[in-house]
Amino acid sequence: MSSQTFATSGHDPSFRDQFNVVNKDGKRNWIYPQKPKGKWHNRRVWFTVLILTLLFSGPFIRVNDQPLLLFNVLARKFILFGIFIGPQDYWIFGLAMLSFMVFIVLFTSILGRLWCGWACPQTVFMEMVFRKIEYAIEGDATKQKLLDKAPWTKAKILKKGTKYVLFLLISFAIANLLLAYVIGTDELVKIIREPIENHLVLFSGIIGFTALFYFNFAWLRDQACTVVCPYGRLQSVFMDRNTIVVGYDYGRGEPRGKMHKGQKRTEGDCINCHQCVAVCPVGIDIRNGLQMECVNCTACMDACDTIMDKVGLETGLIRYTSENAIVNKTGKLVTARVISYAAVLVLLWSVLGFAIVSRTDTQTLLLRAPGSQFIENGDGTVSNLYTFKIFNKTNHVVKPDIRLKDAEGKLIFAGSPDLTLEAAGMSEGTLFINVPRADLKKRKTVLKLAVYEENKLLEEFETLFLAGE
Ligand code: SF4
Ligand code: SF4
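On a predicted model such as this, the values are computed, not experimentally measured, just so you know.

Points about the overall build of the chain
Per the secondary structure count, the chain includes 15 helices and 15 strands. Its C-alpha atoms give the chain a radius of gyration of 32 Å, clearly above 23 Å, the size a compact globule of 469 residues would have. By its C-alpha atoms, the chain is 115 × 60 × 40 Å across when sized along the principal axes. Burial status across the chain gives 27% buried among its 469 residues.

The following block contains the structure:
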């Protein structure tokens, strides 16, 4: 199951014959990683505080009186950084998603799985929240192993019970957070305040997602990254020998060998202490080379640096580096591949930027009624009959006023339609446009029209007007 992009240290590649999380009997190898500590872990703790603050405050941040981000797939409403994306602008949403994907490809080709180790919610919650609770209640790896093997005493029931109740509560909080991004905080508050029977579907959603998150963080754990996550499986396609990864400097470390006091060392710097393996949350040995399972969590970097400090060798045997930097002692980040990805991304962002800037609040379709002719009126005007549809592309009520621009004449609506448009709503009807005969020099005239709300210009568009020669 393992895949490898780069060369290994020349060791027996048979480690690839077996998936590290499954034992020879086909049963799961439960991983008990040792508690990580060190400078990289401390940096990740601070970054986690930032990420979780952003994640939990995201649904409450408002721009132009609407959420910063909303992904309401149920009502097909999306808000990206305060910009409402309704049905008429789904292509903008598609373009934004495409840009995001290209950005991920570019990011991964330069910085590898930096995202996985530092910002992915799976790693952040698993390693920085759930795992920390586990360490606090059950102790470090060895104690956890012993506790799992121990008979069910009162103390064990208390520890396991406390842990799993806390896991459940946090899973519930994450399920609510997810729903806040889907339906918005206002709707979420309604579910909390109003009787459950009024919101049975959404409430079932919260329960379902709570169960899913609990299953993920209590049982699935590292397998979410190594078996389920498509990004993890694809990353080797995006990466090359210049990509920055958490890598073992096998040129410096090999041949590995124990350190013996008083003996002159003839081996490489790796003292084969296995500390890098003991802390790994996905249970791999980074010394075998880059592996698909590695989430770049930096735990092995800290573990190895601690050992190097202890034995008086230079730190950084496992570090952020690239295969080229290890083998050829050169590493360049900007390769032809990176430049081409960046060019595509700049192009996509330019189109996206233009689409957002030139986007209007309404979209009007005004078409001459099929089969209708122009009418010469007794008052010296000519009438054309049109059908219209006007869409509100915003997330608030709009009262549009359609007016002729740069031309005399008037619009006469059939009936007295209320053009008030609900959020993302639409209105349609029929209207005549009357234009003085004297102003029409040709058989076909392009008329310019505009949509206003009070004196605010929302949209401009054109239509064809017919008259006699
Ligand atoms: S922690 Fe460092 S020294 Fe110890 S086995 Fe891993 S690479 Fe070698
Ligand atoms: S190999 Fe190192 S960086 Fe990769 S997952 Fe294991 S501990 Fe984390």
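Regarding the confidence of the model for the chain
Detailed conclusions should not be drawn from predicted coordinates in areas where pLDDT is low. This prediction gives the chain a mean pLDDT of 91; 96% of its residues lie at or above 70. This model gives residues 1–8 a pLDDT under 50, and the stretch forms 22 contacts once residues within four places in sequence are excluded.

Describing the site of ligand 2
Around ligand 2, the surrounding shell holds 14 residues, and the nearest of these are C280, I286, C294, C297 and C300. When its residues are assigned to classes, the shell around ligand 2 shows 12 nonpolar, two polar and no charged.

A short note on the nonpolar core
Across soluble globular proteins, nonpolar side chains show a tendency to be buried alongside one another. Counting residues in hydrophobic clusters, the biggest one holds 33 residues, and the most contacted among them are C276, I286, C300, C304 and I318. For this core, the elements supplying multiple residues, two or more each, are helix 2 (90–111), strand 6 (245–248) and helix 13 (299–311). Broken down by element, this core gets its largest block of residues, six residues, from helix 13. With sequence-adjacent residues up to four places away left out, C276 is seen in contact with I286, C300, A303, C304 and I318.

Here's the deal with the site of ligand 1
Around ligand 1, the structure places 16 residues, and the nearest of them are C270, C273, Q275, C276 and C304. Contributing elements (two or more residues each) for the shell around ligand 1: helix 12 (275–278) and helix 13. Of the residues forming the shell around ligand 1, the biggest block, three residues, is contributed by helix 13. Classifying every residue of the shell around ligand 1 gives 10 nonpolar, four polar and two charged.

Quick look at the UniProt feature "transmembrane region" (unreviewed entry) in the chain
Per the UniProt record, "transmembrane region" (unreviewed entry) is found at residues 45–61, 91–116, 164–184, 196–215 and 338–357. End C-alpha atoms of residues 45–61 are separated by 24 Å, and the span's content is 76% helix alongside 0% strand. End-to-end, the C-alpha atoms of residues 196–215 are 24 Å apart, and along that stretch the chain is 80% helix and 0% strand.

Comments concerning the packing of helix 6 (residues 154–183) against helix 8 (residues 200–220)
Relative to each other, helix 6 and helix 8 sit at 130 degrees, their axes nearing to 8 Å. If you check the angle between helix 6 and helix 8, you find them oblique. Helix 8 is crossed by helix 6, and the crossing has right-handed handedness. Contact residues: Y164, F167, L168, S171, F172, I174, A175, N176, L178, L179 and I183 in helix 6; L202, G205, I206, F209, T210, F213, Y214, F217 and A218 in helix 8. Broken down by class, the residue content of the contact of helix 6 with helix 8 amounts to 16 nonpolar, four polar and no charged.

Thoughts on the domain arrangement of the chain
When cut into domains, the chain gives domain 1 (1–60 + 112–328) and domain 2 (362–466). Each of domain 1 and domain 2 was reduced to a C-alpha centroid, and the two centroids are 61 Å apart.

What to know about the sheet that holds strand 3 (residues 69–72)
Spatially, three strands are ordered 3-4-5 in an open sheet, and the strand pairing comes out antiparallel. Strand pairing shows two members of the sheet lacking a second neighbour, strand 3 and strand 5 (83–85), which therefore form its edges. Averaged over all neighbouring strand pairs, the angle between strand axes comes to 25 degrees, with direction disregarded. Bridging between strand 3 and strand 4 (residues 77–80) involves four bridges; their strand directions are antiparallel. Within strand 4, the residue paired with N72 across the bridge is K77.

Re the sheet that holds strand 11 (residues 401–405)
Taken in spatial order, the three strands line up as 11-14-15 in an open sheet, and their pairing is antiparallel. Each edge of the open sheet carries a strand with a single partner, namely strand 11 and strand 15 (456–466). Taking the axes of each pair of neighbouring strands and ignoring which way they run, one obtains an average angle of 30 degrees across the sheet. Looking at chain direction, strand 14 (residues 444–453) and strand 15 are connected through 10 bridges and run antiparallel.

Re helix 10 (residues 230–238)
Taken together, the buried positions of helix 10 are occupied by G232, Q235 and F238. Down the axis, helix 10 shows its buried residues gathered within 105 degrees of arc, on one side only. Facing away from the buried side of helix 10 by over 90 degrees, the exposed positions are P230 and V237. Buried-residue contacts for helix 10 involve helix 2, helix 3 (114–118) and helix 9 (222–228).

Focus on the environment of N72
In this structure, N72 sits in strand 3. Each C-alpha atom, one on N72 and one on I192, is 18 Å from the other, the two residues being 120 residues apart in sequence. Not counting the four nearest positions on each side in its chain, N72 is found in contact with K77, F78, V182 and I183.

Section: the pairing of strand 4
For a regular strand, side-chain orientation follows a simple rule: the groups alternate between the two sheet faces. Linking strand 3 to strand 4, which pair antiparallel, is a turn of four residues; within it R76 sits at a positive phi near 55 degrees. Relative to strand 5, strand 4 runs antiparallel, the two sharing three bridges. Residue pairing for strand 5: F78 is matched across the bridge by I85. Where strand 4 folds back onto strand 5 in an antiparallel hairpin, the turn is made up of two residues, including F81, whose phi is positive at roughly 50 degrees.

Structural notes on unusual backbone geometry
A cis geometry characterises the amide bond from E254 onward to P255, with omega recorded as -5 degrees. Along the chain, P255 turns up in the loop between helix 11 (250–253) and helix 12. Phi is positive for E454, close to 55 degrees, though the residue is something other than glycine. Mapped onto the elements of the fold, E454 is located in the loop between strand 14 and strand 15.

Cut-off values and rules
Residues numbered from 1 in each chain as written. Chains lettered and ligands numbered in written order. Predicted model: local features only at pLDDT ≥ 70, side-chain atom pairs only at ≥ 80, totals over all residues. Helix = DSSP H or I, 4+ residues; strand = E, 2+ residues; numbered from the N terminus. Rg over C-alpha atoms; globule rule 2.2 N^0.38 Å. Buried ≥ 20, exposed ≤ 12 C-beta atoms within 10 Å, placed from the backbone. pLDDT = per-residue confidence, 0-100. Contact = placed C-beta atoms within 7 Å. Near = placed C-beta within 6 Å. Nonpolar A, V, L, I, M, F, W, Y, C, P; charged D, E, K, R; others polar. Core = buried A, V, L, I, M, F, W, Y, C linked by C-beta atoms within 7 Å. UniProt positions renumbered as here; feature names shortened; annotations may be inferred. Axes fitted to C-alpha atoms, helices over the stretch in contact; angles between N-to-C directions. Parallel < 35°, antiparallel > 145°, perpendicular 65-115°, else oblique. Left-handed = near helix turned anticlockwise from the far one by under 90°. Domains from an automatic or database assignment. Pairing = 2+ DSSP bridges. Arc of directions from axis to C-beta.

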